[in-house]
Amino acid sequence: MAGKVIRIERVSPRDGEVEEPELSAKGYCLGDPKFGAEKHHSKNAVFAKTLEEVAELVSAGFSLRMVSNGKRASLVSPKSLRIVRD
């Protein structure tokens, strides 16, 4: 795909709130699909430093931890995410 990743958004956000990828000191947190039902466990977390890296991993089937104001972060499946490029 062409263009720089400018944001990754949830296709159908909870309660209509804007949700963004959660950025921690380690980077953006993703769940590796090889861990199946346990991909949400912290021991199985994969971290990416840039949105470009995140987009590559999401395209490869990784889930992304998303957060919005007043809501706990949740792991969102790649089919529920939209990658926006400029």
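Residues numbered from 1 in each chain as written. Predicted model: local features only at pLDDT ≥ 70, side-chain atom pairs only at ≥ 80, totals over all residues. Heavy atoms only, no water.

## Observations regarding the pairing of strand 4 (residues 27-31)
Where burial is concerned, most of strand 4 is hidden: 5 out of the 5 residues are buried. Sheet topology places strand 3 (residues 23-24) next to strand 4; 2 bridges connect them, and they run antiparallel. Within strand 4, the residue paired with Ser 24 across the bridge is Gly 27. In this structure, strand 4 lies alongside strand 5 (residues 45-48), joined through 4 bridges in antiparallel fashion. Directly across from Gly 31, in strand 5, lies its bridge partner Ala 45. Examined bridge by bridge, strand 4 and strand 6 (residues 63-67) share 2 bridges and lie antiparallel to one another. Each residue of the ladder has a partner; that of Gly 31, found in strand 6, is Ser 63. (Buried < 20%, exposed > 50% of the residue type's maximum accessible area, 1.4 Å probe, protein only. Helix = DSSP H or I, 4+ residues; strand = E, 2+ residues; numbered from the N terminus. Pairing = 2+ DSSP bridges.)

## Quick word on the pattern of salt bridges
In the structure shown here, the tally under the stated rule is 4 salt bridges. In this structure, the salt-bridge partner of Glu 19 is Arg 10, at a minimum N-O distance of 3.1 Å. On the accessibility criterion, Glu 19 (4% relative accessible area) is buried. Ionic pairing is found between Glu 52 and Arg 85, a salt bridge with its closest N-O pair at 3.9 Å. Here the residue Glu 52 occupies a position in helix 1 (residues 51-59), and Arg 85 occupies one in strand 8 (residues 81-85), the gap between them amounting to 33 residues. Taken together, the salt bridges that share partners define one network made up of Arg 7, Glu 9 and Arg 82. (Salt bridge = Lys/Arg side-chain N within 4 Å of Asp/Glu carboxyl O.)

## Here we look at the side chain of Ser 74
Residue position: Ser 74 is located in strand 7 (residues 74-76). Within polar-contact distance, the side chain of Ser 74 engages the side chain of Arg 10 at 3.5 Å. Aside from chain neighbours lying at most four places away, what touches Ser 74 is Arg 10, Arg 14, Glu 19, Leu 64, Arg 65 and Met 66. (Polar contact = N/O pair within 3.5 Å; in protein donor to acceptor, adjacent residues only side chain to side chain. Contact = heavy atoms within 4.5 Å.)

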